Each structure stands twice: as C-alpha cells, then as structure tokens.
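Coordinates in review
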Amino acid sequence: MNLRQLEIFCTVMRCRTTIAASYELGLSQPAVSNAIKHFESMLGFTLFDRIGNRLVPTAEGQSIFQDAQPLHMMAAALNQKAKDLKDTKTGHLRVLSTRPLGDNIIPAAIARFMRGREKVNIYFDVQHMNNVIEAVESGYADLAIALTPPPRPGLELSKLIDGRMVCALPEAHPLAQKQILSPIDLEHVPVIGLDPLSRLGSTVATAFHEAGVPFSPSLNVLQGAAACSLVSNGLGVAIVDEFSASSWVAEGLVIRAFEPSIAVHATLISLKDRPLTRLARKFVQVTTDLIHQTQRNGIAAKPAAAERLS
C-alpha cells in the first residue's frame with residue numbers, strides 16, 4: 001500500500017465514479033479503474049460494489065476510507081508545504097541591515113518580496129554595524145545586508161552591488177554643471193563631513209589631504225542621509241555613499257561622481273557554515289535587483305554577482 005493508491009482510492013470514494021475521479025486526478029479512466037482493481041487484489045477484498053455506472057463502497061471500503069482519509073490529507077498538506085518551500089512561499093526569515101540600506105531600500109525590497117507570500121514571516125530591524133555582525137554570528141539573524149562591513153572569522157561576506165562615494169549638491173549649485181568633482185573643486189565650498197572617526201569619514205578626509213586641500217567641515221554627521229538633508233537645506237555639499245544619495249534625487253539634489261574614487265559595497269553577511277535557505281536566497285535576489293534599480297536614479301551601480309569577500 002502506498003500514498004498514490006490511497007490518493008486514488010480516496011478520490012474515487014468522494015467522486016463515486018472512476019470518470020469523475022480521473023478528471024480530478026488527471027489520469028485516464030482505465031488507469032483509475034485498474035488502480036482500484038489492483039488495490040482490491042492486494043487487500044484481498046472488494047472496496048466497491050459496481051451498480052450501473054456508480055461505485056458503492058462496501059463496509060470494508062468505508063472502514064478503510066475512515067483511516068485512509070486523514071493519511072491522504074496529511075500527504076496532500078505535506079506535498080503543498082514542499083511546493084511552497086520550493087516556490088519560496090512559506091517559512092521564516094530574520095533580516096538585519098545597517099543604514100542607509102535599512103532606511104529605504106531594504107523595506108522596499110521586503111514589500112516587493114512579500115507579494116504573493118502570505119505564509120512567509122519576516123523579522124526586520126536596522127542596527128549599527130557591530131550589532132548586525134554579532135546578530136549573524138550568534139545565529140539570531142539569518143542574514144544581514146550592510147555597507148562595506150569589516151571581515152570577521154566565520155562570516156561569509158558577498159558583494160551584491162559595487163558602489164562608490166559621490167558628491168550630493170543642490171540642483172542649482174554652480175558645480176552641478178560638472179560631471180566629476182574633486183577635492184580641488186570643493187576647496188572653497190562648505191562641505192558637510194561624515195563622522196571623522198568612521199571609516200568612510202576618514203577615507204574622505206584622506207582624499208582631501210592627499211590632494212593638498214584643507215578639510216575641516218563645520219558640520220559633521222553620522223549618516224549619509226543626514227548629510228543629504230543638510231544639503232537640501234542649503235548648508236553645503238556632501239561626499240556620501242551613492243546608496244544614501246540616490247533617494248534624495250527626487251528632493252532636488254543632484255549626484256556627481258567624486259574623484260579620487262572611493263569604493264563602497266552593498267554586502268550580504270551570512271554564516272560560512274550555514275548555507276542560506278531557498279527563501280533567504282530568493283530574498284537576496286529580490287533585494288539585489290531593487291538596489292540595482294534604485295541606483296539607476298543616480299550614478300549607475302555595477303552588479304557584483306555576489307562576489308565573495310571572505
């Protein structure tokens with residue numbers, strides 16, 4: 001006795017004719033009739049009395065059906081769950097992110113990902129880099145997406161999108177006429193700086209110093225989005241990551257390339273010894289596609305084909 005035999009038997013019990021059962025099962029009527037005959041032969045007793053074109057269950061058939069139906073329903077539920085898992089339509093996912101990706105791009109990716117996935121549960125939060133890394137290391141988060149995280153033992157860092165630092169400035173600013181800006185171009189322009197103790201902030205400061213241009217901003221911020229907000233209020237220009245800058249294009253800012261080039265990457269963080277589930281891989285794909293699409297609104301980003309950094 002196998003599950004396929006039980007499925008055919010239970011379907012015939014509901015439909016009462018092999019023709020109706022064949023339509024539901026997607027089989028020919030002779031195939032259904034032969035399956036029932038084989039099942040009866042295997043059991044050693046009849047399951048149906050043949051009366052005209054209809055099949056009337058015997059007492060033994062009714063008894064078998066009472067026990068077979070729950071098994072058939074469980075098998076059907078298991079098949080559906082397996083299909084949902086295959087199609088990434090069910091499951092749980094814990095995702096963390098750092099800013100700026102976590103402020104706009106990742107929420108938009110979650111919204112896109114959840115369409116048609118009513119059985120999927122997602123936990124999402126935006127944290128500082130150290131908290132994000134620790135969450136993945138401890139297994140609290142299934143994955144994280146961050147801006148150029150530092151390498152750590154046991155973590156898999158996979159580049160999703162290559163990006164760079166750009167100059168964000170008001171649309172009406174005289175320097176907006178140029179396509180590429182350098183520290184020399186900004187020597188006499190108020191520049192809003194990133195936290196000088198941060199990696200990106202110190203890298204920008206180094207670019208100015210190596211060009212022989214003094215760099216001592218009167219305004220410093222922690223996040224690129226805050227810098228862009230100050231730019232939109234006429235307080236200067238800012239050198240920020242393009243992921244932060246892209247969402248401000250609609251707010252009247254323009255983005256220009258900054259030289260020397262300073263690379264930043266949208267990076268997937270996961271555990272080396274715990275492969276991502278199909279659900280997680282699909283989420284990463286949706287997120288990568290959205291990041292790439294979003295960057296087309298500013299300076300184009302180059303997809304990195306999930307290049308491993310560790």
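Just above, that's the structure.
A brief look at the structure comes next. (Residues numbered from 1 in each chain as written. Predicted model: local features only at pLDDT ≥ 70, side-chain atom pairs only at ≥ 80, totals over all residues. Heavy atoms only, no water.)

**Comments concerning the overall build of the protein chain**
When helices and strands are tallied, the protein chain shows 10 helices and 13 strands. In terms of C-alpha radius of gyration, the protein chain reaches 30 Å, well past the compact-globule figure of 19 Å for 310 residues. The principal-axis extents of the C-alpha atoms in the protein chain amount to approximately 100 × 40 × 25 Å. Sorting the 310 residues of the protein chain into buried and exposed places 46% on the buried side. Long-range contacts, defined here as pairs at least 24 residues apart, represent 74% of the contacts in the protein chain between residues at least 6 apart. Accessible surface, the protein chain as shown: approximately 15,700 Å² in total, 54% of it carbon and sulfur. Averaged over its 30 positive side-chain charges, the protein chain has a centre that lies 8 Å from the centre of its 28 negative ones. (Helix = DSSP H or I, 4+ residues; strand = E, 2+ residues; numbered from the N terminus. Rg over C-alpha atoms; globule rule 2.2 N^0.38 Å. Buried < 20%, exposed > 50% of the residue type's maximum accessible area, 1.4 Å probe, protein only. Contact = heavy atoms within 4.5 Å. Areas by Shrake-Rupley, 256 points an atom, 1.4 Å probe, with all protein chains shown as cover. Lys, Arg positive; Asp, Glu negative; His and termini not counted. Charge placed at Lys NZ, Arg CZ, Asp CG, Glu CD.)

**A short note on the packing of helix α1 (residues 3–15) against helix α3 (residues 29–43)**
Contact geometry of α1 with α3 gives a least axis separation of 10 Å together with a crossing angle of 110°. Relative to α3, the element α1 is oriented roughly perpendicular. Crossing angle aside, the handedness with which α1 passes α3 is left-handed. Between α1, through Gln5, Leu6, Ile8, Phe9 and Val12, and α3, the contact on the second element is made entirely by Val32, Ala35, Ile36, His38, Phe39 and Met42. Here the residues of the contact of α1 with α3 are counted per class, giving nine nonpolar, two polar and no charged. (Axes fitted to C-alpha atoms, helices over the stretch in contact; angles between N-to-C directions. Parallel < 35°, antiparallel > 145°, perpendicular 65-115°, else oblique. Left-handed = near helix turned anticlockwise from the far one by under 90°. Nonpolar A, V, L, I, M, F, W, Y, C, P; charged D, E, K, R; others polar.)

**Some details on the pattern of salt bridges**
One pass over the full model with this rule turns up seven salt bridges. For Asp103, the salt bridge identified is with Arg99, shortest N-O distance 3.0 Å. Lys178 serves as the salt-bridge partner of Asp185, at 2.8 Å between the closest nitrogen and oxygen. (Salt bridge = Lys/Arg side-chain N within 4 Å of Asp/Glu carboxyl O.)

**Here's the deal with helix α6 (residues 129–138)**
Considered for burial, the residues of α6 that qualify are Val132, Ile133, Ala135 and Val136. Buried residues of α6 fall within an arc of 160° about the axis and therefore sit on the same side. Facing away from the buried side of α6 by more than 90 degrees, the exposed set consists of Asn130 and Ser138. Buried residues along α6 sit in contact with β3 (90–97), β5 (143–147), β6 (155–170) and β12 (263–271). Phi turns positive one or two residues past the end of α6, at Gly139, with a value near 85°. (Arc of directions from axis to C-beta.)

**Comments concerning unusual backbone geometry**
Residue Pro100 is reached from Arg99 by a cis peptide bond, and omega for that bond is 5°. With respect to the secondary-structure elements, Pro100 resides in the loop between β3 and α5 (105–114). Following Glu259, the chain continues to Pro260 via a peptide bond in cis, the omega torsion being 10°. Considering the arrangement of structural elements, one finds Pro260 in the loop between β11 (253–258) and β12. Even without a glycine there, the phi angle at Thr148 is positive, about 50°. Thr148 sits in the buried class, given a relative accessible area of 18%.

**A word on the side chain of Thr287**
Mapped onto the elements of the fold, Thr287 is located in helix α10 (residues 278–295). By relative accessible area, which is 0% here, Thr287 ends up buried. When sequence neighbours within four positions are dropped, the list of residues in contact with Thr287 reads Ile106, Ala109 and Ile145.

**Details of the pairing of strand β8 (residues 191–194)**
The two faces of β8 match: Val191 and Gly193 on one face and Ile192 and Leu194 on the other face are all buried. Sheet analysis places β8 next to strand β10 (residues 237–241), joined by two bridges and oriented parallel. Each residue of the ladder has a partner; that of Val191, found in β10, is Val237. Sheet topology places β8 next to strand β9 (residues 220–221); two bridges connect them, and they run parallel. Residue pairing in the sheet places Gly193 in a bridge with Asn220 of β9. Between β8 and its parallel partner β9, the chain crosses via helix α7 (residues 199–210), and the hand of that crossover is right-handed. (Pairing = 2+ DSSP bridges. Right-handed = clockwise from strand over helix to strand, strands pointing away.)

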